[in-house]
Amino acid sequence: MQEAPYDFEAGAILLFNKPLTWTSFDLVKKTKFALKIKKIGHAGTLDPLATGLLIMCTGKFTKRIEEIQAQEKEYTGKFIIGHTTPSFDLETEVDSTSPTDHLTEEMLQEAAASFLGEIDQTPPIYSAVKVNGERAYNIARRGGEAEIKSKRITIKAFDLTAIEGNQVSFRVVCSKGTYIRSLARDFGLKLGCGAYLSELVRTRIGEYRVEDAMSLDQLQELREKQLGPA
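Quick caveat, the model's predicted, so the values are computed rather than measured. Every chain is numbered independently, its residues counted from 1 as its sequence is written. Since the coordinates come from a predicted model, pLDDT governs what is reported: local features require at least 70, and pairs of side-chain atoms require 80 or more to be given and counted, while whole-chain, interface and lining totals use all residues. Each side-chain value is worked out from all heavy atoms of the structure, with water and hydrogens disregarded.

## Section: the pattern of salt bridges
Pairs can form between side chains of opposite charge once their charged atoms are near each other.
Here's step 1: Only one rule defines a salt bridge in this text: a Lys or Arg side-chain nitrogen within 4 Å of an Asp or Glu carboxyl oxygen. Counting across every chain of the model gives twelve salt bridges.
Here's step 2: The partner of Arg64 in a salt bridge is Glu67, and the shortest N-O contact between them spans 2.9 Å.
Here's step 3: Any residue under 20% of the maximum accessible area for its type is buried, any over 50% is exposed, and the rest in between are partly exposed; the area is computed with a 1.4 Å probe on protein chains only. On the basis of relative accessibility, which here comes to 27%, the residue Arg64 falls in the partly exposed class.
Here's step 4: Across the pair Arg152 and Glu118 runs a salt bridge whose closest N-O atoms are separated by 3.4 Å. A residue pair is termed long-range when its members are at least 10 positions apart, and Arg152 in strand 10 (residues 151-164) and Glu118 in strand 7 (residues 117-121) qualify at 34 residues.
Here's step 5: Using a relative accessible area of 54% as the deciding quantity, one classes Glu118 as exposed.
Here's step 6: Where salt bridges share partners, they join Glu72, Glu74, Lys156, Asp159, Arg171 and Arg204 into one cluster. In this text, helices come from DSSP runs of H or I with a minimum length of four residues, and strands from runs of E with a minimum of two, each type numbered from the N-terminal end.

Rendered as structure tokens:
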């Protein structure tokens, strides 16, 4: 964590390492309370089951949220192949199983390479995408169905960094609007056996890196150093 002087009220860009199970709004709310400021927002949602870089903007820097959101993203994580879930991750239970013994590393690498470049991707129904004014995840959680339009995205890198049984570790560099859960689903479809996302860490947004991020406790310590106890 880089300890720089911040003027939280006037404006600052804060890098956080979001904890597992927290929503992005949880972190916004807790940061707002810790800093006792009014104007704050985040530059790019992370799912509760993902960890890693979440950028917070305060004061005048909230005007830069769209600019930061538009930048290239980098993720690492794991897929489980041979199984699927309705949410494409661990939020829901496994609903189908298929054999994977016939798959070779070459077949997995070829499948990953097929996603490079500009592709059409359909967001998960368990997502914050709005369908007729309602969040898709609300429709999904009550057992409903919704037609979600695909979006044009760019996958700049899709590296399989380790393959252990049916666990596939990966690194992805992608454009704004990419759902790694949807990439898991589509990767599984390409292999013919299904897949879901079991781990996800956002490591970079543009030039901002998770290595330079802080925890909420570290932010509180930093604030007290600069301004004294709240």
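## Section: the packing of aromatic side chains
Here's step 1: Stacked, tilted and edge-to-face are the three classes assigned to paired rings of Phe, Tyr and Trp, where Trp is represented by its six-membered ring and a pair needs centres within 6.5 Å; plane angles under 30 degrees give stacked, over 60 edge-to-face, the rest tilted. One pass over the full model with this rule turns up five aromatic pairs.
Here's step 2: Between Phe79 and Phe170, the aromatic rings sit 4.3 Å apart at their centres with planes inclined by 20°, giving stacked as the arrangement. Pair noted here: Phe79 is in strand 4 (residues 73-81) and Phe170 is in strand 11 (residues 167-174), with a separation of 91 residues, a long-range link.
Here's step 3: We classify Phe79 as buried; its relative accessible area is 0%.
Here's step 4: According to the relative accessible area criterion, Phe170 is buried, its value standing at 1%.
Here's step 5: Ring geometry for Phe115 and Phe158: centres 6.2 Å apart, planes at 55°, overall tilted. Highlighted residues: Phe115 in the loop between helix 3 (105-113) and strand 7 and Phe158 in strand 10, separated in sequence by 43 residues. Neither Phe115 nor Phe158 differs from the other in exposure class; each is buried.

## A closer look at the layout of surface pockets
Here's step 1: Looking at the largest pocket, its volume works out to about 1,100 Å³.
Here's step 2: Counting only elements with at least two residues in the lining of the largest pocket, the list comes to helix 1 (24-35), strand 4, helix 4 (136-141), helix 5 (180-191) and strand 12 (195-205).
Here's step 3: Looking at the lining of the largest pocket element by element, the count peaks at three residues for strand 12.
Here's step 4: Only Asp, Glu, Lys and Arg are considered charged in this grouping, and only Ala, Val, Leu, Ile, Met, Phe, Trp, Tyr, Cys and Pro are considered nonpolar; every other residue, Gly among them, is considered polar. Considered class by class, the residues forming the lining of the largest pocket number 13 nonpolar, ten polar and ten charged. For cavity detection a 1 Å grid was placed over the protein atoms alone, and a set of points counts as a cavity when a 1.4 Å probe fits there but cannot get out; an open set counts as a pocket when protein lies on both sides within 12 Å along at least five of seven lines, with lining residues being those that have an atom within 4 Å of a point. Grid points are joined across faces, edges and corners, and a volume is the space filled by probe spheres set on the points.

## Quick notes on the side chain of Thr178
Here's step 1: Note on placement: Thr178 falls in the loop between strand 11 and helix 5.
Here's step 2: A 3.5 Å cut-off defines polar contacts: any pair of N or O atoms within that distance qualifies, except that in protein one atom must be a possible hydrogen donor and the other a possible acceptor, and neighbouring residues in sequence count only when both atoms are side-chain atoms. For Thr178, the side chain forms a polar contact with the main-chain oxygen of Ser175, separated by 2.9 Å.

## So, the UniProt feature "active site" (unreviewed entry) in the protein chain
Here's step 1: As annotated by UniProt and renumbered to match this structure, "active site" (unreviewed entry) occupies Asp47.
Here's step 2: Residue placement: Asp47 occurs in the loop between strand 2 (40-42) and strand 3 (51-59).
Here's step 3: For Asp47, a relative accessible area of 28% translates into the label partly exposed.
Here's step 4: Throughout, a residue-residue contact means that at least one pair of heavy atoms, one from each residue, lies within 4.5 Å. Ignoring anything within four residues of it in the chain, the contact list for Asp47 reads Lys18, Trp22 and Arg181. UniProt positions are given in the numbering used here, feature names are shortened, and annotations may be inferred rather than shown by experiment.

## Comments concerning unusual backbone geometry
Here's step 1: The phi angle at Thr21 is positive, at roughly 80°, despite the residue not being glycine.
Here's step 2: Within the secondary structure, Thr21 sits in the loop between strand 1 (11-18) and helix 1.
Here's step 3: Its relative accessible area of 52% is what places Thr21 among the exposed residues.

## As for helix 1
An α-helix turns once every 3.6 residues. As a result, residues three or four positions apart point the same way.
Here's step 1: Here helix 1 contains twelve residues, and its C-alpha end-to-end distance of 17 Å stays within 8% of the 16 Å for a straight helix at 1.5 Å per residue.
Here's step 2: Among the residues making up helix 1, those that are buried are Ser24, Leu27, Val28, Thr31, Ala34 and Leu35. The arc enclosing the buried residues of helix 1, seen along the axis, measures out at 135°, which places them on a common side. Relative to its buried face, helix 1 has exposed residues pointing more than 90 degrees away, namely Phe25 and Phe33.
Here's step 3: Lys36 sits one or two residues past helix 1 and shows a positive phi near 55°. By this rule, a helix spans an expected 1.5 Å times one less than how many residues it contains. What the arc measures is the spread of directions leading from the helix axis to the C-beta atoms.

## Section: the pairing of strand 12
Here's step 1: When you tally the buried positions in strand 12, you get nine out of eleven residues, the bulk of the element.
Here's step 2: Where strand 3 and strand 12 come together, two bridges link them in parallel fashion. Across the sheet, Gly52 pairs through a bridge with Arg202, a residue of strand 12.
Here's step 3: Strands are treated as partners if at least two bridges between them are detected by DSSP. Bridging between strand 12 and strand 13 (residues 208-209) involves two bridges; their strand directions are antiparallel. Within strand 13, the position partnered with Ile205 by the bridge is Tyr208.
Here's step 4: Hairpin geometry of strand 12 and strand 13 is characterised by an intervening segment of two residues between the two adjacent antiparallel strands and by a positive phi of about 60° at Gly206.

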